[in-house]
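Structural overview for review
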Amino acid sequence: MLRSLALRSLAAAATSALLLGGILGPSSPAQAGDPEQITNGTFDTGISPWTSYGVATGSLRLADGALCADTVDGTPNPWTAAIVLGNLPGVATDSYTLSFRAKASANVTVKAIFQHGSGAFEQVVSGSPAVGADFATYHYTGVSPLAFADGQVAFQIGAKGAFTFCIDDVSLLGGDPPVVYVPDTGPRIRVNQVGYLPDGPKSATLVTTAATPLPWELRNAAGKTVRRGQTTPRGVDPSSGQNVQTLDFTGYRTAGTGYTIAVDGATSYPFALSAAAYQRLREDSKTFFYTNRSGIEILDSVAPGYARAAGHVGVAPNQGDTSVGCQAPVPFMDNWTCPADYKRDVTGGWYDAGDHGKYVVNGGISVAQLLGEYERTLTAPGTERGALGDSTLRVPERGNGVPDILDEARWELEFLLKMQVPAGQPYAGLAYHKVQDATWTGLPLAPAADAKPRELHRPSTAAALNLAAAAAQGARLYKRYDKAFAARLLAAAKTAYAAAKATPALYAPNADGKSGGGAYDDANVTDEFYWAASELFLSTGSPAYAADLHASPLHKADVFDVNGFYWGSVAALARLDLATVPSWLPDRRNVQASVRRAADRLLHLEATQAYGQPYAPADGKWAWGSTSSIINNLVVIATAYDLTGNREYQRGVLSGLDFLFGRNALNISYVTGYGDVTAQNEHTRMYAHQLDPKLPHPPAGTIAGGPNSGIQDPLAQQKLKGCLAQFCYIDDINSYSTNEITINWNAPLSWISSFVADQGDGQ
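Our subject in this report is the structure included herewith. (Residues numbered from 1 in each chain as written. Predicted model: local features only at pLDDT ≥ 70, side-chain atom pairs only at ≥ 80, totals over all residues. Heavy atoms only, no water.)

**Looking at the packing of helix α3 (residues 360-379) against helix α5 (residues 461-478)**
Condition: In this description, a line fitted to the C-alpha atoms serves as the axis of each element, helices being fitted only across the stretch in contact, and the angle between N-to-C directions of two axes falls anywhere from 0 to 180 degrees. Each helix corresponds to a stretch of at least 4 residues labelled H or I by DSSP, and each strand to a stretch of at least 2 residues labelled E; elements are numbered beginning at the N terminus. Geometric relationships in this document are graded by angle, where less than 35 degrees denotes roughly parallel, more than 145 denotes roughly antiparallel, 65 to 115 denotes roughly perpendicular, and other angles denote oblique. Each helix crossing is assigned a hand: it is left-handed if the near helix lies turned anticlockwise from the far helix by less than a right angle, otherwise right-handed if that turn is clockwise. It only takes one pair of heavy atoms within 4.5 Å for two residues to be counted as in contact.
Put simply, α3 and α5 touch, their axes get as near as 9 Å, and they point 20° apart. Taken together, α3 and α5 sit at an angle that is classed as roughly parallel. Taken as a pair, α3 and α5 cross one another with a handedness that is left-handed. Together, V360, V361, G364, I365, V367, A368, L371, G372, Y374, E375 and L378 of α3 and A462, A463, N466, A470, Q473, G474, R476, L477 and Y478 of α5 make up the contact between the two elements.

**Considering the sheet that holds strand β3 (residues 66-70)**
As a reminder, the rule being used: Two strands pair if DSSP finds at least two bridges between them.
An order of β2-β3-β12-β5-β10 is seen for the five strands of this open sheet, with the pairing classed as antiparallel. Every other strand in the sheet has two partners, leaving β2 (61-63) and β10 (136-143) as the edge strands with one partner each. Shown here is a sheet whose adjacent strand axes are inclined to one another by a mean of 35°, direction ignored.

**Structural notes on the state of the cysteines**
Here is the rule we go by: For the purposes of this analysis, a disulfide is any pair of cysteine sulfur atoms at a distance within 2.5 Å.
Using the criterion set out here, one finds three disulfides in the structure. In this model, C68 is linked to C166 through a disulfide, with the two sulfur atoms separated by 2.0 Å. Measuring handedness by torsion sign, the sulfur bridge of C68 and C166 sits at about 110° and is right-handed. Residue C68 is found in strand β3, and its partner C166 is found in strand β12 (residues 164-174); the two are separated by 98 residues along the sequence.

**Considerations on the pairing of strand β15 (residues 203-207)**
This is how it is decided: Under the scheme applied here, a residue whose accessible area is under 20% of the maximum for its type counts as buried, over 50% as exposed, and between as partly exposed, the area being computed with a 1.4 Å probe on protein chains only.
Within β15, five of the five residues are buried, which leaves it mostly tucked inside the rest of the structure. Neither face of β15 is exposed, since S203, T205 and V207 on one face and A204 and L206 on the opposite face are all buried. Bridging between strand β13 (residues 189-190) and β15 involves two bridges; their strand directions are antiparallel. In the strand pairing of β15, I189 is matched with L206. Two elements, β15 and strand β19 (residues 242-248), share five bridges in a ladder whose sense is antiparallel.

**Regarding the environment of A523**
By the element assignment, A523 lies in the loop between α6 (483-502) and α7 (526-540). The spacing of A523 and Y269 is 254 residues in sequence and 46 Å in space, taken between C-alpha atoms.

**Concerning the environment of T742**
Selection criterion: Counting of polar contacts relies on pairs of N or O atoms within 3.5 Å, with two restrictions inside protein: one atom must be capable of donating a hydrogen and the other of accepting it, and residues adjacent in sequence are counted only when both atoms are side-chain atoms.
By the element assignment, T742 lies in the loop between α14 (736-739) and α15 (743-758). For the pair formed by T742 and A704, sequence separation is 38 residues and the distance between their alpha carbons is 8.1 Å. One polar contact links T742 to N744, side chain to side chain, over a distance of 2.8 Å. Within the structure, the side chain of T742 is placed 3.0 Å from the backbone nitrogen of W745, a separation counted as a polar contact.

**Let's talk about the packing of aromatic side chains**
The test is simple: Aromatic pairs are defined between Phe, Tyr and Trp rings, using the six-membered ring for Trp, whenever the two ring centres lie within 6.5 Å; interplanar angles under 30 degrees are classed as stacked, those over 60 as edge-to-face, and all others as tilted. Two conditions define a charge located above a ring, namely a distance within 6 Å from the ring centre to NZ of Lys or CZ of Arg, and an angle within 35 degrees of the ring normal.
Counted by the stated rule, this structure contains 32 aromatic pairs. Ring geometry for F100 versus F155: centroids 4.9 Å apart, planes at 80°, classification edge-to-face. Pair noted here: F100 is in strand β5 (residues 95-104) and F155 is in strand β11 (residues 148-156), with a separation of 55 residues, a long-range link. F155 matches F100 in its accessibility class, with the two residues each being buried. Site record: aromatic cluster; members linked through ring pairs are Y196, W216, F249, Y252, Y259 and F271. Positioned over the ring face of F135 is R101, at 4.4 Å from the centre of the ring. Sitting above the plane of the W751 ring, R376 keeps its charged end 5.7 Å from the centroid.

Spelled out as structure tokens, the structure:
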């Protein structure tokens, strides 16, 4: 998952070969009365939304009111290090004037540009100021050769050695006046745009100034009123700041399409009373994994519209994952290295998210949830046992006698096995934390066109335990279909677990997320140990693993955070499997009771929310990937239903799901292709239709990260500053902190889609 600067990916590798040459002029410079495009050019409000890449770690800072950064020795080109402001629009044929003050700790010539941030990185304004120890003012003009929405002002400071560079009073005049972003939230009545199960719960939320109950009407596709009622005032919803009322039409059960709700002068988007869409979602939510496969050609015959060449297989310009060496020594890794001639084949697996990195800790939870989705069909009553079987999904392995979901999961498991450190190497038995590009790449970029060097990053205890847990789970599920593969998985799991116990605190540092890929740092692996021991116990029945899981301080603890579990907090995965997978665990009833208690808390929380989501952080700040937090909470509630058959849990899952499909403050479905208004411009290099109309949007059934109070990317900081939680989202490819896509967000969507599809009409 790209948790660093998207603008790094906009840095123009070989920019000078792509630019239109010099300062574009002579031209009529922009005038003082022209619109100002720069946000916070005087840095009076801090650093945001300015960013940097290729500079010394953590060196971007304010100093005496100016923005400064420290360069490092060894950057090969000017554009490999820069201070940047992105997401600036350009108007074709309009004149622009870039002005600023700058100084440096050494006499250097740097490059100041305003350019298109993608495509051919077409240049609008360019200058090469000779900067010295005292602030001086510089002005450059140019004309935009095309219109674009993703321009950037960049001060390129690479390839000059080590020095400190500072800027202040940055201005870009010209173009159209900046547009104040106001989201289009559509009608004031918010519904599940996909639809409700005919015999399930049905609620909606109204945004209104009214404080007293209001009459509402449910209308069918012909416009006939088929049900009436009164709303319930709920006051101001703290996650959106909206005064809202809710209404319930659960009692209406006639299946159909084109229903709407009319209330308070507003009419909702149309919706269905039908289970059909959720049957489709069970398949669609898994297509994302196939189209995100690395190391294999994606076939149009399998996923129409998503065909592409195999990525990272060593076909030029791609350097490939067929022979990858180790990351160069860096201080924050204690200068860890491996032999210079050491190479590893780490082809395959799934691309994690918007970038082309492949991360073991994210792959572990993702493949585990797909495996768990299949295992649920073996353990839970009322499931459609064949729904995930052979020839049910979009995978090229159809017809091989193996359930398609296991075929898809195997693609990732084979990669995880390749990431295990072989005997004779440092940290043998652990797993390399990740494989990624050495530096950031641009958007859009097909995997086969990625020319960056690839590198293995230092092994970690967390990666080893993810491998141990996922491989152990896989071992018991593949035994029926491929005993040899199951045996490989179990052997690797045992080796990884033993290696982790021998090296229990080798952590991935946060600093390893500054260039080319996310860090996925985690300095507490107690939960990973608990998870791995639990899966090994369930697959082997060994008393030794039972002893380890019982010895874990988490075994008798409450492992269910109401804010949801995720890749860095996986004890809930262990608890859910211990509760549902048959075993001789002596305290299994206590484990199951803990799941029910957690589900009860989540049902209570859900009932307090006017938008019906089982998620409401106490501090009001929604997390990165909040949609997955919501879904993983729904997984807990759904598991309680599987254990008890109590319909209140089933209703809680169905009601909580409404939020994802449009019953929210923004009136948007966060699942691509599901609803009238859906997320479709998610942050990704492959499905970048917003930047290149020849490319597709993400596949239908792909979920966006959703509202994120942190708004860590520059676009969100420009557009969403001061947002309340539910409004901290924008459907734009440049907003990686609110709108990225990841395997570990689609995996729980896939799991819950099967659960909902299994409910039929909701009876």
